[in-house]
Amino acid sequence: MKFLVHIILAVMALIVGIVLEDGGVWDVKWMPLLLLLPYVSVGLWRYWAVRRGFQVSAIVARVAHYSGVIAFAVSTMMLGWVEFVRDWTGQSLGYNDWPDWGMVVCFAPFVVFQVAAIHAEALVDRAKLSPMPRRLRMQVRSLFAAMSPLALYMLISILSARSEVWRVNIESVELFGGLYFLGITMLFASLMPVLLSHTWDTSSLPQGPARQLFEDVAAQASFKARKLLLWNTDNMVANAAIMGISKRSRVVLLSDSLLAMLGARELACVYGHEIGHAKRFHVPIFLAWATFFLLGGDLLIWTLFAPEGSNSVLAFVAVLAIGYVCFGWLSRRFELEADLFSMDLTGDPEALIQALERVGGGNRDRGGWRHFSTARRVSFLHRAAYDEIFKMRFLRRIRLMGRLGLVLGGCVGLLYLGSLFQRFDGDRLHAHMALGNYDASWTADMAPERSGKQFGRMLDAAAGLARPDGAPVGVEELRSELKTALFEAEFERARMLAMLLSKRGAPVSDRLSKAIGLESHSGKIGIDQDLDPGVDREWLLERLDEGN
């Protein structure tokens, strides 16, 4: 997943841009100029490479590689792109809002900038044998393959939001929200092999010596996969990958270039490496650590910060950043563990080292977020092959990290589930109010949430509007009751009705309920002069003046 890091960073930049709200240091009209950033950075990369400024060239190369993300971050944080989309679409695009088409529009420039970055990098690689259009097409397909989970999530969210009952219950009841997130995660896990195999140019690996070799290695390791696929890259990518959790969903991909450049012994080692990821349960361990960071971070932030505040969102971004670093740290060591599994399975460390050297090629000293450099992996295997104590110490540490992740993820998951059940009754109460399903029994003191006096008064106001047949109370009826309360100078009831309207998503904000409740020392009711534009300002001011 070459562009997974780019997408994660772009999502984090969008979240920060949404939290900043007023991110327009400059003007959004300068955004088209950011399309030049990939080409300028690539030009500087070539310039410094020719002048043999290799250190500077390496830095500029990284800037060029992430130029799409940088351009998008500048757009969201400095050019006011999010605010522009808010004004254009009329959607609030808040960090607590349900994902909608406005969010898709917000994210669209990243795709444009990233495609420009891909094109700029392809211009530098003219020396490669395959034509540039093919390389460009393959890289763009790889980008969209990495984006497919995010696109699927957005599509499911947009469709789910069409049902008000679904949307409100998932938003208001954290248990339902957790089940919804779990359901989407399981759907991703089951559909990911299908999504990627269709997004990439793949086909079933034909019968022949190579397939027979892989089947023999799989039988030796007692390993089963649903499909063994050939990844057609026009011989531009030498790589292998395994996807899926269960035996029925597991798919193994091997690229055409990998099959062409490696011999039988080396291919057996590569396949053994992919089997090692499954046999050592790397995906479940990653999911356990992800559970620990996401749910544990959510519990910590919920305890330390106000759930609706921007500080909580920024803190969650910080948790994601820490998890991103830790994921890379663990992933690099899982690659070493898979190498050791392959070496033990095949009993051929020389073939595994030769395979790594051939695939690494001229980039053997260059590592990545998820992989150590070829040079470091080869050095590790040399030592592990002849130093059993070193090997066993490494395996003991890495397996301890795996068990620790499973324990921490399980404990945090149970703790989080317990907190969801503890808040379930209160969350359902909020969901009923957001849907207008009021109940006359709310006037009783049996509701645990009545410990807060203001919330209790809001329940009383809602219960007073309850219909005998249990039908929902409409927004217009609430507006009418609010106007009546203001006209009759029942300002406390009016404030509770304004809060109920706010829960219904009507253009009456919490500021209105606070404005109605403002009372000066002289006993007069005050009003905030920055009321929501959807409120009839003149009518409200006139009624308040009469009430005083």
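Whatever comes next refers back to the structure up there.
Note that the structure is predicted; figures quoted are calculated from it, not measured.

Structural notes on the packing of aromatic side chains
So, point 1. This structure, assessed with the given rule, holds 15 aromatic pairs.
So, point 2. Relative to Phe424, the ring of Phe176 lies with its centre 5.7 Å away and its plane at 80°, an arrangement referred to as edge-to-face. Note that Phe176 is positioned in helix H9 (residues 174-199) and Phe424 in helix H18 (residues 424-435), a separation of 248 residues in sequence.
So, point 3. Given the relative accessible area of 28%, Phe176 is considered partly exposed.
So, point 4. Of the aromatic side chains, those joined through ring pairs into one cluster are Phe72, Phe107 and Phe110.
So, point 5. Its end group placed over the ring of Phe372, Arg376 keeps NZ or CZ at 4.0 Å from the ring centre.

Examining the pairing of strand E2 (residues 227-231)
So, point 1. Burial runs high along E2: four of the five residues are buried.
So, point 2. Looking at chain direction, strand E1 (residues 202-204) and E2 are connected through three bridges and run antiparallel. Bridging from a neighbouring strand, Ser203 pairs with Leu230 of E2.
So, point 3. Strand direction decides the pairing type here: E2 and strand E4 (residues 251-255), joined by five bridges, are parallel. The residue bridging Lys227 from the neighbouring strand is Val251, located in E4.

A closer look at the packing of helix H2 (residues 36-50) against helix H4 (residues 67-77)
So, point 1. Relative to each other, H2 and H4 sit at 135°, their axes nearing to 9 Å. One finds that H2 runs oblique with respect to H4. Crossing of H2 against H4: the hand is right-handed. Contacts from Leu37, Pro38 and Ser41 in H2 reach Ser67, Ile70 and Ala71 in H4.
So, point 2. Taken together, the residues of the contact of H2 with H4 break down into four nonpolar, two polar and no charged.

Some points on the nonpolar core
So, point 1. In this structure, Leu14, Phe72, Cys106, Phe107 and Phe110 are the most contacted members of the largest nonpolar core, which totals 32 residues.
So, point 2. Among the elements of the structure, helix H1 (4-20), H4, helix H5 (81-89), helix H6 (101-124) and helix H7 (132-160) are those that each provide at least two residues to this core.
So, point 3. Looking at this core element by element, the count peaks at seven residues for H6.

Things to note about the environment of Ala61
So, point 1. Within the element layout of this structure, Ala61 appears in helix H3 (residues 54-65).
So, point 2. Each C-alpha atom, one on Ala61 and one on Gly43, is 9.8 Å from the other, the two residues being 18 residues apart in sequence.

Topic: H5
So, point 1. Among the residues of H5, Trp81, Val82, Val85 and Arg86 are the ones counted as buried. The arc that holds every buried residue of H5, seen down its axis, measures 145°, which confines them to one face. Structural note: H5 exposes Asp87 and Trp88 on the side pointing more than 90 degrees away from its buried face.
So, point 2. Here the buried face of H5 lies against H1, H4 and H6.

Comments concerning the side chain of Ser342
So, point 1. With respect to the helices, strands and loops of the structure, Ser342 is situated in helix H14 (residues 310-346).
So, point 2. The class for Ser342 is buried, based on a relative accessible area of 0%.
So, point 3. In terms of polar contacts, Ser342 uses its side chain to reach the backbone carbonyl oxygen of Cys269, at 2.6 Å.
So, point 4. Ignoring anything within four residues of it in the chain, the contact list for Ser342 reads Cys269, Gly272, His273, Gly347 and Leu352.

Some points on a nonpolar patch on the surface
So, point 1. A cluster of nonpolar side chains, namely Trp30, Leu33, Leu36, Val40, Leu44, Tyr47, Trp48 and Val56, defines an oily patch on the protein surface of about 750 Å² accessible area.
So, point 2. By residue number, the principal contributor to the nonpolar patch is H2, which donates five residues.

Details of the sheet that holds E4
So, point 1. Spatial strand order, E1-E2-E4-E3: four strands in an open sheet with mixed pairing. Each edge of the open sheet carries a strand with a single partner, namely E1 and strand E3 (240-243). Averaged over all pairs of adjacent strands, the angle between strand axes in this sheet comes to 30°, irrespective of strand direction.
So, point 2. In this fold helix H12 (residues 264-279) packs onto E2, E3 and E4, with an angle of close to 25° to the strand it touches most, E3.

Some words on the packing of H1 against H4
So, point 1. Between H1 and H4, the least distance of the axes is 8 Å, while the angle of their chain directions is 10°. Relative to H4, the element H1 lies roughly parallel. Residues His6, Leu9, Ala10, Ala13, Leu14, Val16, Gly17 and Leu20 of H1 touch H4, and the partners they reach there are Val69, Phe72, Ala73, Thr76 and Met77.
So, point 2. A class-by-class count of the residues in the contact of H1 with H4 yields ten nonpolar, three polar and no charged.

Description of the environment of Glu481
So, point 1. Residue position: Glu481 is located in helix H20 (residues 475-487).
So, point 2. A C-alpha to C-alpha distance of 8.0 Å links Glu481 and Ala494, two positions 13 residues apart in sequence.
So, point 3. Beyond its immediate chain neighbours, meaning those up to four positions away, Glu481 contacts Leu465, Arg493 and Leu497.

Some words on the pattern of salt bridges
So, point 1. Using the criterion set out here, one finds 17 salt bridges in the structure.
So, point 2. Arg364 is paired through a salt bridge with Glu357; the nearest N and O atoms lie 2.7 Å apart.
So, point 3. Residue classification places Arg364 among the partly exposed residues on the basis of a relative accessible area of 27%.
So, point 4. Here Glu357 falls in the partly exposed class, since its relative accessible area comes to 27%.
So, point 5. Across the pair Arg364 and Asp365 runs a salt bridge whose closest N-O atoms are separated by 3.8 Å.
So, point 6. Overall, the relative accessible area of 62% leaves Asp365 in the exposed class.
So, point 7. Salt bridges here are not isolated pairs; linked through shared partners, they connect Arg280, Glu337 and Arg399.

Here is what the cut-offs are and how they apply
Residues numbered from 1 in each chain as written. Predicted model: local features only at pLDDT ≥ 70, side-chain atom pairs only at ≥ 80, totals over all residues. Heavy atoms only, no water. Phe/Tyr/Trp six-rings, centres within 6.5 Å; stacked < 30°, edge-to-face > 60°. Helix = DSSP H or I, 4+ residues; strand = E, 2+ residues; numbered from the N terminus. Buried < 20%, exposed > 50% of the residue type's maximum accessible area, 1.4 Å probe, protein only. Lys NZ or Arg CZ within 6 Å of the ring centre and 35° of its normal. Pairing = 2+ DSSP bridges. Axes fitted to C-alpha atoms, helices over the stretch in contact; angles between N-to-C directions. Parallel < 35°, antiparallel > 145°, perpendicular 65-115°, else oblique. Left-handed = near helix turned anticlockwise from the far one by under 90°. Contact = heavy atoms within 4.5 Å. Nonpolar A, V, L, I, M, F, W, Y, C, P; charged D, E, K, R; others polar. Core = buried A, V, L, I, M, F, W, Y, C linked by side-chain atoms within 4.5 Å. Arc of directions from axis to C-beta. Polar contact = N/O pair within 3.5 Å; in protein donor to acceptor, adjacent residues only side chain to side chain. Patch = residues over 30% accessible without salt bridge, like charges linked within 9 Å, V, L, I, M, F, W, Y side chains within 5 Å. Areas by Shrake-Rupley, 256 points an atom, 1.4 Å probe, with all protein chains shown as cover. Salt bridge = Lys/Arg side-chain N within 4 Å of Asp/Glu carboxyl O.

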